[in-house]
Every structure is written in C-alpha cells, then in structure tokens.
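Observations on the three-dimensional arrangement
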Amino acid sequence: MKDIEIKGMISAHTIMAASVLMATVLPLLFVDGFSVYGTHLVWLYSVSGAVAAVNITVYWLLGISPPSKKNTLSYKVSKAFRSCLYFILSCFLFHTVVVLYGAPLLESALETFSFAVLLSTFTTLRCLCILGPNVQAWIRVFSRDGAMSVWDTSLQITTACSMIGAWLGAFPIPLDWDRPWQRGP
C-alpha cells in the first residue's frame, strides 16, 4: 500500500512541478513582452492559477481527501465554502506576516498580496485538498509526530520547505545594490 501511495505522491509532485514550468513558459507564447522580471505579477498569477488548478485536479482524481460521511449537496457546498474561506484567510495571514517582516505596507501592496496568494497556493491549498477544512486534522498533521501517512509527511515537508524557501528568497533583498557603497567596481 505504501508503494502505491509513494508512486502517487511522486507522480503528483512531478505534475505540479511541470505545472510551474508550464506556467512560466506558456505566457512567453501568449503575452507580448513577457519576462519573469519585467511582468512579475503576470508570472505570479499564472503560477498561482496553474498550481491551484493542478492541485485541485490531481488530488481530486487521486481521491486523496478523506472520505466524507455526508454526500448531501448542502454539505459539499458548505465544505467548499469553508475551504474558500480558509484559503482567503490564509492569504490575508501570509500578507500580514510578510508586511510584519518588512514588506512595504502601501507602496507594493499588490505585489505583497500576490506573493501571499502564491504562498497560500503552495501551502494552504494543498492542505485543503488533502485534509479538507478540518482544523483538528491540520493540528494533528502539523504537531510533533502527527504524520500518519505518506501524504501527511508530504504536507509537512512541502509546507515547511515553502515557508523556508520564501524566507530564504527574501534574505538577499537588502543586497539589491541600489546604494552607492554597494555598487561593484
């Protein structure tokens, strides 16, 4: 059983990595003057959209989410509404954390919020797809020794790596060489 889960996890991660690559390459074909540096918001939106669509599709097709006891339409709508609410709240939470870590509050609010959406897509959306909007399951998975399956361990690793990667990516920002004493020869 674990071999099947590991193969499913590897294929899901490969598909998601390919979606990030395609979200970077496809705008080159369809958006005039696209570059990751020049039109970074378009790139952030395309990656967020591609990863979100692929996450939802892959985890829905693999049937990873916990089985629901209720199959009524109102329960499914309620679960979808709570998932959307959790995602939006996580976007605002990440935006607040990024601003508290030093991002400009008003100058680059759109860029900061776009980054928060991207970070929420890589962390919260995966949790919503695998665990659903169940806070107790999230606490179980992210507590010490709480992973009970390969997918829970995958959630722990990818969420931690996304957060650490975001922090490490912002670490060299003060070295942007815009001060006279920072310029090279």
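Residues numbered from 1 in each chain as written. Predicted model: local features only at pLDDT ≥ 70, side-chain atom pairs only at ≥ 80, totals over all residues. Heavy atoms only, no water.

Convention followed: UniProt positions are given in the numbering used here, feature names are shortened, and annotations may be inferred rather than shown by experiment.
An unreviewed UniProt entry lists the chain under the name Phosphatidylinositol glycan anchor biosynthesis, class F, with Lepisosteus oculatus as the source organism. Looking at the chain in UniProt, the text filed under Pathway (unreviewed entry) is "Glycolipid biosynthesis; glycosylphosphatidylinositol-anchor biosynthesis." As stated in UniProt under Subcellular location (unreviewed entry), the record for the chain gives "Endoplasmic reticulum membrane".

1. Quick look at the side chain of Asp-152
Here is the rule we go by: Here a strand is any run of E in DSSP of at least two residues, a helix any run of H or I of at least four, and the numbering for each starts at the N terminus. Contacts are assigned to residue pairs with any non-hydrogen atoms lying within 4.5 Å of each other.
Among the secondary structure elements, Asp-152 is positioned in helix H7 (residues 150-170). When neighbours within four sequence positions are excluded, Asp-152 is seen to be in contact with Leu-131, Arg-140, Val-141, Gly-146 and Ala-147.

2. Looking at the packing of helix H3 (residues 73-100) against helix H5 (residues 124-131)
Applied cut-off: With axes taken as lines fitted to C-alpha atoms, and helix axes fitted only over the stretch in contact, angles between N-to-C directions fall between 0 and 180 degrees. Angle categories are assigned with fixed cut-offs, so that under 35 degrees is roughly parallel, over 145 is roughly antiparallel, 65 to 115 is roughly perpendicular, and the rest are oblique. For any helix crossing, the convention is left-handed if the near helix is rotated counterclockwise from the far helix by under a right angle, and right-handed if that rotation is clockwise. Three classes are used, and their members are as follows: Ala, Val, Leu, Ile, Met, Phe, Trp, Tyr, Cys and Pro are nonpolar, Asp, Glu, Lys and Arg are charged, and the others, Gly among them, are polar.
Contact pair H3 / H5: the axes reach a minimum separation of 10 Å and the direction vectors enclose 155°. By the angle between their directions, the pair H3 and H5 is classed as roughly antiparallel. Seen from above, H3 lies across H5 with right-handed handedness. Along its contact with H3, which presents Ser-83, Tyr-86, Phe-87, Ser-90 and Phe-94, the element H5 presents Thr-124, Leu-125 and Leu-128. Tallied by class, the residues present in the contact of H3 with H5 amount to 5 nonpolar, 3 polar and no charged.

3. Some details on the packing of helix H2 (residues 40-62) against H5
Relative to each other, H2 and H5 sit at 15°, their axes nearing to 10 Å. By the angle between their directions, the pair H2 and H5 is classed as roughly parallel. Pair H2 / H5 crosses with right-handed handedness. Side by side, H2 and H5 meet where Ala-52, Asn-55, Ile-56 and Tyr-59 of the first sit next to Leu-125, Arg-126, Cys-129 and Ile-130 of the second.

4. Overview of H3
Basically, it comes down to this: In this scheme, a helix's expected span is set at 1.5 Å multiplied by one less than its residue total. Only protein chains enter the area calculation, which uses a 1.4 Å probe; residues under 20% of their type maximum are buried, those over 50% are exposed, and those in between are partly exposed.
The end-to-end C-alpha distance of H3 is 40 Å, a good match for the 40 Å that 28 residues give at a rise of 1.5 Å each. For H3, the complete set of buried residues consists of Ser-83, Phe-87, Ser-90, Cys-91, Phe-94, His-95, Val-98 and Val-99. Among the structural elements, helix H4 (109-122), H5 and H7 are those in contact with the buried residues of H3.

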